[in-house]
Protein chains: 2
Amino acid sequence: MEPKRIAFIGTGVMGASIVRHFLAAGHGVTVYTRTKSKADPLIGEGAVWAESPEEAAREAKVVMTMVGYPSDVEDVYFGDQGILSGIRPGSVVCDLTTSSPQLAVRIAEETEKLGCGSVDAPVSGGDVGARNGTLSIMCGGTEEAFREVEPLFGLIGSNVIHHGQAGSGQHVKMSNQIAIATNMIGVCEALAYAVKAGLNPERVLESIATGAAGSWSLSNLAPRMLKGDFAPGFYVKHFLKDLRIALDEAKVMELPLPGVELAEQMYSDLSARGFGDDGTQSLYKLYTQFS
Amino acid sequence: MEPKRIAFIGTGVMGASIVRHFLAAGHGVTVYTRTKSKADPLIGEGAVWAESPEEAAREAKVVMTMVGYPSDVEDVYFGDQGILSGIRPGSVVCDLTTSSPQLAVRIAEETEKLGCGSVDAPVSGGDVGARNGTLSIMCGGTEEAFREVEPLFGLIGSNVIHHGQAGSGQHVKMSNQIAIATNMIGVCEALAYAVKAGLNPERVLESIATGAAGSWSLSNLAPRMLKGDFAPGFYVKHFLKDLRIALDEAKVMELPLPGVELAEQMYSDLSARGFGDDGTQSLYKLYTQFS
């Protein structure tokens, strides 16, 4: 693959790992993020700093974004000094943020007017997946736009799938978050029960993680819960945002999701107690500290 | 390992697969099950029929049971013509049924009075795990009794762990069922959402089953849900029994389990609608047929 100039907006936990994969493959990466100091390590490794999303987009063939909330996505695309002010015809934008399917459709419509392609491409696999380049990337958009960015996605993901029109990637990600949310409750309850029953919970995990109760969360997050390691991974506040998008979409579809509703209530409770900046495994605290 | 005479009580979906592994390894197996016709294929393959649990136990070095409910376990151990009437000193009983931790303790106490060992040894891994000899087996009981049966468990399980005193195996299995129960809700909701959003659900599974949403149920049961294959695997009625044991135990521990409570309500609903003999993946019907 020919080296490309990539703009990357949002160099948080996941974004920084992704930028490193692009740099390692010889691509030029221009970065912008709200708090410049967070990008300093990347600049030390060869990334170029831009003063705004607009400036980052100006020279880029591909513009990727990975920010926090749908409102942040709106800002970096449509705001003053946003991507759409700087982007060149023929380039492609990819929003890797988990955001609303409707917003993905709007970005696709607006970029098309400027002669650009768009792929909504939320990811799954967490901090570990980003670091190892083994993310699942769920893509929506035109076939043409997808083909353009597929080789780049191959550098950061091991499971890159095009699901259909704009917004499809976000819908698949919602499906993903729905599965995670209710499972996280189960993982916490299984551990809390084991501890209360006087068992050795690490041994319990050896028994149950490889059978029918097995899951990514049980293998990867339950050990962190037991160690009292609640560092993010994936923020409670962002997960809560995802669950609310999923519930909004489900309401429009007239689909009741009692499991997600319970998860939303519990994560709201956790957030109200001041743990929004913890990792999602922090849900375990509701079972051990407050019950 | 020297060939042993094993008695096996309860030759349902899982039990039959387990007996076949023992026969294949050269052990003699005496079987008893409530409905004799269910044991006929095994008798054709070399198992010996007994007219009661008592008779089956009489010549056996190891007596294993895998029946439906705790009341069935009580019957086969303590009832008229039950195991305790026939068992010889020096033999070991193993209850593979998922049953109550308290009952496991009672079996251990009563068999000890007769000079016998006892291991509570519920399993996980479902019909597939039983067939492939890759079950997780969660064991409680004395070290001595466990060592006696460990080689036999090696024939049917790939993950055999001794967790402590009598009842510990059952507690670990409850932890396992708790993790499965809430996850099953998430799997159903993720699929129902994907279908309602107009996505291709098989492609969605390709995206999400290998990432942070991945689980045994998502990989193994979601495809069955999509095909409309609701055959057991694991019965709704038995799963419901497990969830009620877990909730009873949690109540004693003063541990609230809202996820399991939701699952118990939903599985009760499913059972009341006449689907108790379906496999647990049948929960998906609540999202597609009744909402």
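What you are looking at is a predicted structure, and each value in this text was computed from that prediction instead of being measured.

**Topic: the overall build of chain A**
Piece 1. If you tally the helices and strands in chain A, you get 15 helices and nine strands.
Piece 2. For 291 residues, the compact-globule estimate of 2.2 N^0.38 gives 19 Å, and chain A sits close to it at 20 Å.
Piece 3. Taking all 291 residues of chain A together, 62% fall into the buried category.
Piece 4. Here the analysis covers contacts within chain A between residues at least 6 apart in sequence; of these, 66% occur between residues at least 24 apart.
Piece 5. With 24 positive and 34 negative side-chain charges, chain A shows a separation of 5 Å between the mean positions of the two kinds.

**A closer look at the UniProt feature "domain: 6-phosphogluconate dehydrogenase NADP-binding" (unreviewed entry) in chain A**
Piece 1. The UniProt record annotates "domain: 6-phosphogluconate dehydrogenase NADP-binding" (unreviewed entry) at residues 5-164 of chain A.
Piece 2. This span, residues 5-164 of chain A, is 44% helix and 26% strand, and a straight line between its end C-alpha atoms measures 26 Å.

**A look at the relation of the copies chain A and chain B**
Piece 1. Expressed as a screw operation, the relation of chain A to chain B combines 0.0 Å of axial shift with a rotation of 180°, fitting to an RMSD of 0.1 Å. Here the two chains are linked by the operation of a two-fold rotation axis.
Piece 2. Of all interface residues in chain A, 100% are interface residues in chain B too; the two copies therefore contact each other through one and the same surface.

**Digging into the pattern of salt bridges**
Residue and element names in this part refer to chain A.
Piece 1. By the definition in use, this model includes 30 salt bridges over all chains.
Piece 2. A salt bridge links lysine 237 to aspartate 277; the shortest N-O distance between them is 2.6 Å. Linking lysine 237 in helix 13 (residues 236-253) with aspartate 277 in the loop between helix 14 (258-275) and helix 15 (285-288), this pair joins segments that are 40 residues apart in sequence.
Piece 3. With relative accessibility at 29%, the residue lysine 237 sits in the partly exposed group.
Piece 4. Judged by relative accessible area, which is 47%, aspartate 277 ranks as partly exposed.

**Considering the interface of chain A and chain B**
The figure often quoted for interface size is the accessible area lost as the parts come together.
Piece 1. Contact with chain A, which involves 59 residues of that partner, is made by 59 residues of chain B.
Piece 2. Between chain A and chain B lies a buried interface of about 4,700 Å² when both sides are counted; carbon and sulfur atoms form 64% of it.
Piece 3. By the criterion of area lost to chain B, the three top residues of chain A are A:Tyr193, A:Ser207 and A:Ala212, representing 15% of everything that side buries.
Piece 4. Applying the counting rule to chain A against chain B returns zero salt bridges.
Piece 5. Run the count over chain A and chain B and you get 29 residue pairs in polar contact (both at pLDDT 80 or more).

**Here's the deal with the UniProt feature "domain: 3-hydroxyisobutyrate dehydrogenase-like NAD-binding" (unreviewed entry) in chain A**
Piece 1. UniProt's feature table lists "domain: 3-hydroxyisobutyrate dehydrogenase-like NAD-binding" (unreviewed entry) at residues 167-287 of chain A, given in the numbering used throughout.
Piece 2. Secondary structure content for residues 167-287 of chain A is 72% helix and 0% strand, while the C-alpha to C-alpha distance between its ends is 36 Å.

**As for the packing of aromatic side chains**
Piece 1. Considering all chains together, one arrives at eight aromatic pairs over all chains under this definition.
Piece 2. Plain terms: the ring middles of A:Phe239 and A:Tyr267 are 5.1 Å apart, the flat faces sit at 85° to each other, and that makes the pair edge-to-face. Pair noted here: A:Phe239 is in helix 13 and A:Tyr267 is in helix 14, with a separation of 28 residues, a long-range link. One exposure class covers both A:Phe239 and A:Tyr267, and it is buried.
Piece 3. Over the ring of B:Phe78 we find B:Arg106, and its NZ or CZ is 3.9 Å from the ring centre.

**Description of the pairing of strand 1 (residues 5-9) of chain B**
All names here are of chain B.
Piece 1. Of all five residues in strand 1, four are buried, a share of seventy percent or more.
Piece 2. Where strand 1 and strand 2 (residues 28-32) come together, five bridges link them in parallel fashion. When the sheet's bridge partners are listed, alanine 7 is paired in strand 2 with threonine 30.
Piece 3. The handedness of the strand 1 to strand 2 crossover, carried by helix 1 (residues 13-24), is right-handed.
Piece 4. Across four bridges, the pairing between strand 1 and strand 4 (residues 62-65) is parallel. Bridge pairing links isoleucine 6 to valine 62 in strand 4.

**Observations regarding the side chain of A:Thr182**
Piece 1. With respect to the secondary-structure elements, A:Thr182 resides in helix 9 (residues 168-196).
Piece 2. Only 3.4 Å separates the side chain of A:Thr182 from the backbone nitrogen of B:Gly186, close enough to count as a polar contact.
Piece 3. Dropping the residues within four chain positions of it, A:Thr182 is found in contact with A:Gly259, A:Val260, B:Thr182, B:Asn183, B:Ile185 and B:Gly186.

**Side note on the packing of helix 4 (residues 70-78) of chain B against helix 6 (residues 101-113) of chain B**
Residue and element names in this part refer to chain B.
Piece 1. Running from N to C, helix 4 and helix 6 cross one another at 5°; their axes reach a closest spacing of 11 Å. Accordingly, the angle class assigned to the pair helix 4 and helix 6 is roughly parallel. Between helix 4 and helix 6, the contacting residues are Pro70, Val73, Glu74, Tyr77 and Phe78 on the first element and Leu103, Arg106, Ile107 and Glu110 on the second.

**Observations regarding the nonpolar core**
Looking at soluble globular proteins, one finds that nonpolar side chains tend to be buried together.
Piece 1. Ranked by internal contacts, the top residues of the largest apolar core, which has 98 residues, are A:Met225, A:Tyr267, A:Leu283, B:Tyr267 and B:Leu283.
Piece 2. The contacts of A:Leu283, once residues within four sequence positions are left out, are A:Met184, A:Ile185, A:Cys188, A:Met266, A:Tyr267 and A:Leu270.

**Here we look at the domain arrangement of chain A**
All names here are of chain A.
Piece 1. Taken domain by domain, chain A comprises domain 1 (5-165) and domain 2 (171-288).
Piece 2. The distance between the C-alpha centroids of domain 1 and domain 2 comes to 27 Å.
Piece 3. Listed as interface residues are 16 residues of domain 1 and, on the opposing side, 14 residues of domain 2.
Piece 4. Carbon and sulfur atoms supply 61% of the area buried between domain 1 and domain 2, which totals about 1,400 Å² over both sides.
Piece 5. Taken as a group, Tyr69, Thr98 and Pro101 account for 35% of the area that domain 1 buries against domain 2, more than any other trio of residues on that side.
Piece 6. Here aspartate 127 ties to arginine 224 by a salt bridge, and the two come within 3.9 Å at their closest N and O atoms.

**Here we look at helix 4 (residues 70-78) of chain A**
Piece 1. By the burial criterion, the buried members of helix 4 of chain A are A:Pro70, A:Asp72, A:Val73, A:Val76 and A:Tyr77. All buried residues of helix 4 of chain A lie within an arc of 155° about the axis, which places them on one face of the element.

**Quick notes on unusual backbone geometry**
All names here are of chain A.
Piece 1. Positive phi outside glycine occurs at glutamine 81, with the angle close to 55°.
Piece 2. Considering the arrangement of structural elements, one finds glutamine 81 in the loop between helix 4 and helix 5 (83-86).
Piece 3. One non-glycine residue, glutamate 254, adopts positive backbone phi at about 55°.

**Overview of the packing of helix 1 (residues 13-24) of chain A against helix 8 (residues 143-156) of chain A**
Residues and elements named next belong to chain A.
Piece 1. Where helix 1 contacts helix 8, the two axes come as close as 9 Å, and the packing angle between them is 110°. When the axis of helix 1 is compared with that of helix 8, the two are roughly perpendicular. Of the two possible hands of crossing, helix 1 and helix 8 adopt the one that is right-handed. Across from Ile18, His21 and Phe22 in helix 1, the residues of helix 8 making contact are Leu152, Leu155 and Ile156.
Piece 2. Residues belonging to the contact of helix 1 with helix 8 are distributed by class as follows: five nonpolar, one polar and no charged.

Cut-offs applied
Residue positions are given per chain, counted from 1 along the sequence in the order it is written. Labels are handed out in written order, letters beginning with A for the chains and numbers beginning with 1 for the ligands. It should be noted that, the model being predicted, local features are given only for residues of pLDDT at least 70 and side-chain atom pairs only at 80 or more, the latter also being counted only at that level, while totals for whole chains, interfaces and linings use all residues. Think of the side-chain values as coming from all heavy atoms in the structure, minus any hydrogens and water. Strands here are runs of E lasting at least two residues and helices are runs of H or I lasting at least four, both read from the DSSP assignment and numbered beginning at the N terminus. The globule rule is 2.2 Å times the number of residues to the power 0.38, and the radius of gyration it is compared with is taken over C-alpha atoms. Using a 1.4 Å probe on the protein chains alone, a residue whose accessible area is under 20% of its type maximum counts as buried, one over 50% counts as exposed, and one in between counts as partly exposed. Pairs of residues are marked as contacts when any of their non-hydrogen atoms sit within 4.5 Å. Charge convention: Lys and Arg are scored as positive, Asp and Glu as negative, and His as well as the terminal groups of each chain are ignored. Taken as the charge location is NZ of Lys, CZ of Arg, CG of Asp or CD of Glu. UniProt positions are given in the numbering used here, feature names are shortened, and annotations may be inferred rather than shown by experiment. Least-squares superposition aligns the copies on the C-alpha atoms of those residues with pLDDT at or above 70 in both. Salt bridge, as used here: a side-chain nitrogen of Lys or Arg that lies within 4 Å of a carboxyl oxygen of Asp or Glu. The term buried area means the drop in 1.4 Å probe accessible area that two parts suffer when joined, counted for both and summed. Identification of polar contacts relies on pairs of N or O atoms within 3.5 Å, with a donor-acceptor requirement for protein atoms, meaning one able to donate a hydrogen and the other able to accept it, and with residues adjacent in sequence counted only if both atoms are side-chain atoms. Aromatic pairs are defined between Phe, Tyr and Trp rings, using the six-membered ring for Trp, whenever the two ring centres lie within 6.5 Å; interplanar angles under 30 degrees are classed as stacked, those over 60 as edge-to-face, and all others as tilted. Placement of a charge over a ring requires the Lys NZ or Arg CZ to be within 6 Å of the ring centre, with the centre-to-atom vector within 35 degrees of the ring normal. Strands are labelled as partners when DSSP assigns at least two bridges between them. Handedness of a crossover is defined as follows: with both strands directed away from the viewer, a clockwise route from the first strand across the helix to the second makes it right-handed. Only C-alpha atoms enter the line fits that serve as axes; for helices the fit covers just the stretch in contact. Angles between N-to-C directions range over 0 to 180 degrees. Our angle categories are set so that under 35 degrees counts as roughly parallel, over 145 as roughly antiparallel, 65 to 115 as roughly perpendicular, and the remainder as oblique. Residues enter a nonpolar core if they are buried and are Ala, Val, Leu, Ile, Met, Phe, Trp, Tyr or Cys, with the set joined through side-chain atoms within 4.5 Å. Domain segmentation is taken from an automatic or database assignment of domains. Relevant arc is that of directions from the helix axis to the C-beta atoms, nothing else. The sense of a crossing depends on the near helix, which, turned anticlockwise from the far helix by less than a right angle, makes the crossing left-handed and, turned clockwise, makes it right-handed. Each residue is assigned to one class: nonpolar for Ala, Val, Leu, Ile, Met, Phe, Trp, Tyr, Cys and Pro, charged for Asp, Glu, Lys and Arg, and polar for all the others, Gly among them.

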